[in-house]
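Structural overview for review
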Amino acid sequence: MAQTQPAPQGRGDLDAIRKEGLTGRQLRMARRVAQKHGLAPTSDFDAVRLLRDRGVDPFQRANMLEVMPENARKAGEDSEERVQLPQTVPAGRQAQLPSTEVGPRGISPSERRQREIMEIQRDISRRRRRKSLQLMVRLAFFVMLPTLLAGYYYYRVATPMYAATSEFLILQADATTGSPLGGLLSGTQFATNQDSIAVQSYLQSKDAMVRLDADTGFAAHFSQEGIDPIQRLPEAASTEATYKIYKKYVKIGYDPTEGVIKMEVAAADPAVAAQFSTQLIAYAEERVDELSRRKRDDAMKSARESLEQAKEERREAQERLVRLQEGTVVDPEAVIGTLRTQISTYELQLQEKELQLAALLDNARPNQARVDGVQADIDRLNALLDRLNARMTEARSDGLSLAADTAQVQMAQADLATADLFLQSALQNEKQTELEANRQVRYLTTSVRPVAPQDPSYPRAFENTILVFLILSGAYLMISLTGAILREQVSS
């Protein structure tokens, strides 16, 4: 920075200031200082003049106090206690600084801070241990204890149940006659699907349970004292309670792809389980026979009724024809044929006589005797033809003619022929229905017969205990999550 000459006292001439050779940086600095002092210079040189008139050197390097605004500096001058720059603290203010002296117990602040941090950590650990202990207590009370009780029941208390399994299927009789398309599905599971479902529904129904109880004492077996209280059926139990036990220990499944019905019957005694299973298979066989027999009987009944009706109609038509023949000639058509033959013969004779008469009359002087004879023959033939025609059309004393008799006989014969056709069709229908009924026969075949087991199948202690544990754990988890969510919602 260039050194400036000190200005003489009272020197304010702008020309003299210009001759000093001030740089542009110095002039800009002078303008800024003049603005800070509240002056209004017209130019940079005027700013230098105004500052020198006030006794301020515009080119002196300003410190932080001089750069501050005028009002802030005045406020600092008024307030002696406000320190703008780092200063030494007077002796009277030593108590305001952090003390390095050791406390009454000889613990420094850093050690005290570490102790406080350790206390917080210990408190957090205690809370965690307390929460973990509470969690373990809740798990033990709500999950582990019920699981142990369930395991003790399944391993020590539960009465073993023996299950007898069996498999059977329903088949249709093979079609020996008929169209190939009619027997396409014969003998397959698709042909007996509805029957299998019906048998399954029957074996799972209350009707089968009541019948099994009446025949083999199902309710009495599960009411024995040797069965544990949970599985035991109460004395004089209702039908609904017995049916719950029946559905629990009698399991029936149907596989539509194979057409096999699988049945599992459990009981406290192996022999009794096999007996129950055999009895249920017998019920199923009876039900299959009833289903197919009902269908066959209905079909055969309809066919036989149609046949009997056709026979009755033919009999009535035959009796009507006989009554008509008894009231008139046996064969009116033959009589009419004979009359028509006679009429044709006499008409030919009449035509010959008429020709003969015409030939006689062609003579100039005909023989009168011969003319009269021919004319008499013609008259007799006409009278005979009139009588024959009247015989076919004139009514008798009963009001009927030979033509009417012939028409009635023909109608009766037509009715008889129609009745014969109906009778023949009914006979064919009866035979066909009988064949169809034989093809509709269903029969039950047992592929796996029930055998009394030697080892119990139920209860499955390990699987049931694990299942109880999983169910209780899931329920506890869901309740805990629900409670936590509700607490968070309430607190927020």
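Let me begin by describing the structure that accompanies this report. (Residues numbered from 1 in each chain as written. Predicted model: local features only at pLDDT ≥ 70, side-chain atom pairs only at ≥ 80, totals over all residues. Heavy atoms only, no water.)

**Comments concerning the sheet that holds strand 3 (residues 260-267)**
Taking strand neighbours across the sheet as the criterion, the four strands line up as 2-3-1-4 in an open arrangement whose pairing is antiparallel. Of all strands in the sheet, those with a lone pairing partner are strand 2 (250-255) and strand 4 (442-448), marking the two edges. In this sheet, adjacent strand axes meet at a mean angle of 25 degrees when their direction is disregarded. Two strands pair when backbone bridges link them, and strand 1 (residues 162-172) and strand 3 are joined in this way by eight bridges, in the antiparallel orientation. From the neighbouring strand, phenylalanine 168 faces strand 3, where its bridge partner is isoleucine 261. The sheet strands contacting helix 7 (residues 193-203) are strand 1, strand 2, strand 3 and strand 4, and the helix crosses strand 2 at an angle near 170 degrees. On top of the sheet, helix 10 (residues 239-249) reaches strand 2 and strand 3; it is set at about 50 degrees to strand 2, its chief contact. (Pairing = 2+ DSSP bridges. Helix = DSSP H or I, 4+ residues; strand = E, 2+ residues; numbered from the N terminus. Axes fitted to C-alpha atoms, helices over the stretch in contact; angles between N-to-C directions. Contact = heavy atoms within 4.5 Å.)

**Details of the pattern of salt bridges**
A complete count under the given rule lists 16 salt bridges for this structure. The partner of lysine 206 in a salt bridge is glutamate 240, and the shortest N-O contact between them spans 3.6 Å. A residue pair is termed long-range when its members are at least 10 positions apart, and lysine 206 in helix 8 (residues 206-216) and glutamate 240 in helix 10 qualify at 34 residues. Judged by its relative accessible area of 33%, lysine 206 falls in the partly exposed class. Between arginine 232 and glutamate 225 there is a salt bridge, and its shortest N-O distance comes to 3.9 Å. (Salt bridge = Lys/Arg side-chain N within 4 Å of Asp/Glu carboxyl O. Buried < 20%, exposed > 50% of the residue type's maximum accessible area, 1.4 Å probe, protein only.)

**Concerning the nonpolar core**
Within the largest apolar cluster, 38 residues are counted, with the highest numbers of intra-cluster contacts made by Phe168, Leu203, Phe222, Tyr246 and Leu280. If you list the elements that add at least two residues to this core, you get strand 1, helix 7, helix 8, helix 9 (218-221), helix 10, strand 2, strand 3 and helix 11 (270-327). Excluding anything up to four places from it in sequence, phenylalanine 168 contacts Val199, Leu203, Val260, Ile261, Met263, Ile281, Ala284, Leu444, Thr445, Thr446 and Ser447. Counting residues in each nonpolar core, the second largest holds twelve residues, with Ile343, Leu360, Val371 and Leu385 among its members. (Core = buried A, V, L, I, M, F, W, Y, C linked by side-chain atoms within 4.5 Å.)

**Let's talk about helix 10**
What helix 10 keeps buried is the set Thr242, Tyr243, Ile245, Tyr246 and Tyr249. End-on view of helix 10: buried residues confined to an arc of 160 degrees, all on one side of the axis. (Arc of directions from axis to C-beta.)

**Structural notes on helix 2 (residues 24-36)**
With 13 residues, helix 2 extends 19 Å between its outermost C-alpha atoms, agreeing within 8% with the 18 Å of an ideal straight helix rising 1.5 Å per residue. Those residues of helix 2 that fall on the buried side of the exposure criterion are Gln26, Leu27, Met29, Ala30, Val33 and Ala34. Buried residues of helix 2, viewed axially, fall in a sector of 160 degrees; they line one side. Residues Arg28 and Gln35 are exposed on helix 2 and point more than 90 degrees away from its buried face. (Expected span 1.5 Å × (residues − 1).)

**Side note on the packing of aromatic side chains**
All told, the structure shown has eight aromatic pairs when counted by the stated rule. Here the aromatic residues Phe218, Phe222, Tyr243, Tyr246, Tyr249 and Phe276 are joined through ring pairs into a cluster of three or more. One Lys or Arg, arginine 18, reaches over the ring of phenylalanine 45 and ends 5.2 Å from the middle of that ring. Across from the ring centre of tyrosine 243, 5.7 Å away, lies the NZ or CZ of lysine 206, which sits over that ring. (Phe/Tyr/Trp six-rings, centres within 6.5 Å; stacked < 30°, edge-to-face > 60°. Lys NZ or Arg CZ within 6 Å of the ring centre and 35° of its normal.)

**Structural notes on unusual backbone geometry**
Proline 459 follows tyrosine 458 through a cis peptide bond whose omega is 0 degrees. As for its placement among the helices and strands, proline 459 is situated in the loop between strand 4 and helix 15 (461-491). Look at alanine 236: it is not a glycine, yet its phi comes out positive at around 55 degrees. Judged by relative accessible area, alanine 236 falls into the exposed class, the value being 81%.

**Here's the deal with a positive patch on the surface**
Together, Arg25, Arg28, Arg32 and Lys36 make up a positively charged patch on the protein surface. With respect to the helices and strands, the residue lysine 36 is situated in helix 2. Classification of lysine 36 by relative accessible area gives partly exposed; the value is 44%. (Patch = residues over 30% accessible without salt bridge, like charges linked within 9 Å, V, L, I, M, F, W, Y side chains within 5 Å. Areas by Shrake-Rupley, 256 points an atom, 1.4 Å probe, with all protein chains shown as cover. Lys, Arg positive; Asp, Glu negative; His and termini not counted. Charge placed at Lys NZ, Arg CZ, Asp CG, Glu CD.)

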